Amino acid sequence: MPNDTFLNLPNNRKESIDTILLNTFYDQPVSQVKVSEIVSKMQMSRGAFYKYFEDLEDAYTYIINKYSVVIHQDIIKYIQQDKNQFFIGIEKYLIWCSQLDHSSEYWKSLRLLTKSNDLSAYKRFPLASDSPLVTQWTDILKASHIIIDSHEESVSFLFFIMELVMNSLTGYIANDWTTQELVTDYRFRVKWITHGVAPETSL
């Protein structure tokens, strides 16, 4: 978690640092990144960096979490736009992602999350039961007639759907799929989720 010194920075300064962190981390493993590289881009001293973040891992986890939240929110928006047709909304989000400019910040954030080769992308950030994100998510689940028994299950399902999206996009990127190939693979996954994979019983 970033230090209060960073959190209290003016928004434009935080956004500038966020952009530097994204551009630094999205195309190389965190193990290959040096603090000196980041402070040089930020035009600050090494000491100033440690006033903002505990260490390099802290900065990396922070930027992963930031864009995870953005993507969660955008997935929810796409579901809501399609009158809560749950899996159709996600499919439309995936199609939109496949058509992004690869030099855009959003595409870089997807690359960051899909190519992470450690556990950082799977660390769950805390979500209070009354947070706007959880409230929207709960409303979607109710409208979609998805039965969830508790706040804990609701949050777990939210992260499960996030992993579904990221796994689909990882396949798209790794295999250099077309948009249609991405959609086809995604529909397989939806079929497995909604209908299961148990063999038919013989009569």
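The preceding data block contains the structure.
These remarks concern the structure in this document. By convention here, each chain's residues receive numbers from 1 onward along its written sequence. Where local features are concerned, this predicted model is filtered to residues with pLDDT of at least 70; where side-chain atom pairs are given and counted, the filter is 80 or more; whole-chain, interface and lining totals use all residues. As a rule here, side-chain values come from all non-hydrogen atoms in the structure, and water together with hydrogens is ignored.

A short note on the packing of helix 6 (residues 86-98) against helix 9 (residues 151-174)
Piece 1. One can describe the packing of helix 6 onto helix 9 by two numbers: an axis separation of 11 Å at closest approach and a directional angle of 40 degrees. The angle between helix 6 and helix 9 falls in the class oblique. Here helix 6 runs over helix 9; the crossing is right-handed. Listed contacts from helix 9 to Phe 86, Phe 87, Ile 90, Tyr 93, Leu 94, Cys 97 and Ser 98 of helix 6 are Phe 157, Ile 161, Leu 164, Val 165, Ser 168, Leu 169 and Tyr 172.
Piece 2. Three residue categories are used. Nonpolar comprises Ala, Val, Leu, Ile, Met, Phe, Trp, Tyr, Cys and Pro, charged comprises Asp, Glu, Lys and Arg, and polar comprises the others, including Gly. Here the contact of helix 6 with helix 9 is built from residues that sort into 12 nonpolar, 2 polar and no charged. Think of each axis as a best-fit line through the C-alpha atoms, taken over the contacting stretch in the case of a helix, with angles from 0 to 180 degrees between the N-to-C directions. Secondary structure elements follow DSSP: runs of H or I of four or more residues count as helices, runs of E of two or more count as strands, with numbering from the N terminus. Roughly parallel means an angle under 35 degrees; roughly antiparallel means over 145; roughly perpendicular covers 65 to 115; every other angle is labelled oblique. The hand of a helix crossing depends on one turn: near helix anticlockwise from the far one by less than a right angle means left-handed, and clockwise means right-handed. Two residues form a contact once any of their heavy atoms are found within 4.5 Å.

Some words on the environment of Thr 179
Piece 1. In this fold, Thr 179 is placed in helix 10 (residues 179-195).
Piece 2. On the accessibility criterion, Thr 179 (25% relative accessible area) is partly exposed.
Piece 3. Spatially, the C-alpha atoms of Thr 179 and Ile 95 are 6.3 Å apart, while their sequence positions differ by 84 residues.
Piece 4. The definition of a polar contact used here is a pair of N or O atoms within 3.5 Å, where within protein one atom must be able to donate a hydrogen and the other to accept one, and adjacent residues in sequence count solely through side-chain atom pairs. One polar contact links Thr 179 to Ser 98, side chain to side chain, over a distance of 2.8 Å. For each residue, the accessible area found with a 1.4 Å probe, counting protein chains only, is set against the maximum for its type, and the residue is called buried under 20%, exposed over 50%, and partly exposed in between.

Considering the nonpolar core
Piece 1. Judged by nonpolar contacts, the single largest core of 63 residues is most densely connected at Leu 21, Phe 25, Phe 86, Ile 90 and Leu 110.
Piece 2. For Leu 21, the residues in contact, after removing those within four places along its chain, are Ile 38, Met 42, Phe 53, Ala 59, Tyr 62 and Ile 63. By nonpolar core we mean a set of buried residues, namely Ala, Val, Leu, Ile, Met, Phe, Trp, Tyr and Cys, connected to one another through side-chain atoms within 4.5 Å.

Some points on helix 3 (residues 35-42)
Given 3.6 residues per helical turn, the α-helix brings residues three or four places apart onto the same face.
Piece 1. Those residues of helix 3 not exposed but buried are Val 35, Ile 38, Val 39 and Met 42. Burial along helix 3 is one-sided: seen end-on, the buried residues are contained in an arc of 95 degrees.
Piece 2. Contact partners of the buried residues in helix 3: helix 2 (11-25), helix 4 (46-52) and helix 5 (56-81).
Piece 3. The positive-phi residue at the C-terminal boundary of helix 3 is Gln 43, with phi of around 55 degrees. This arc corresponds to the set of directions leading from the helix axis out to the C-beta atoms.

Concerning a nonpolar patch on the surface
Piece 1. Residues Phe 188, Trp 192 and Val 197 make up a contiguous nonpolar surface patch of about 340 Å² in total accessible area.
Piece 2. Structurally, Val 197 is set in the segment after helix 10.
Piece 3. Overall, Val 197 belongs to the exposed group, its relative accessible area being 65%. Residues qualify for a patch when their relative accessible area is over 30% and they have no salt bridge, like charges being joined within 9 Å and the nonpolar side chains of Val, Leu, Ile, Met, Phe, Trp and Tyr within 5 Å. Per-residue accessibility takes into account occlusion by the displayed protein chains alone, with areas from the Shrake-Rupley method and a 1.4 Å probe. The term salt bridge refers to a side-chain nitrogen of Lys or Arg lying within 4 Å of a carboxyl oxygen of Asp or Glu.

A word on the pattern of salt bridges
Piece 1. What the rule picks out here adds up to 5 salt bridges.
Piece 2. Here Lys 66 ties to Asp 18 by a salt bridge, and the two come within 2.8 Å at their closest N and O atoms. On the criterion of sequence distance, the pair formed by Lys 66 in helix 5 and Asp 18 in helix 2 is long-range, its members being 48 residues apart.
Piece 3. Arg 187 serves as the salt-bridge partner of Glu 91, at 2.8 Å between the closest nitrogen and oxygen. Of this pair, Glu 91 sits in helix 6 while Arg 187 sits in helix 10, placing them 96 residues apart in sequence.
Piece 4. Note on Glu 91: relative accessible area 13%, which makes it buried.
Piece 5. On the basis of relative accessibility, which here comes to 46%, the residue Arg 187 falls in the partly exposed class.

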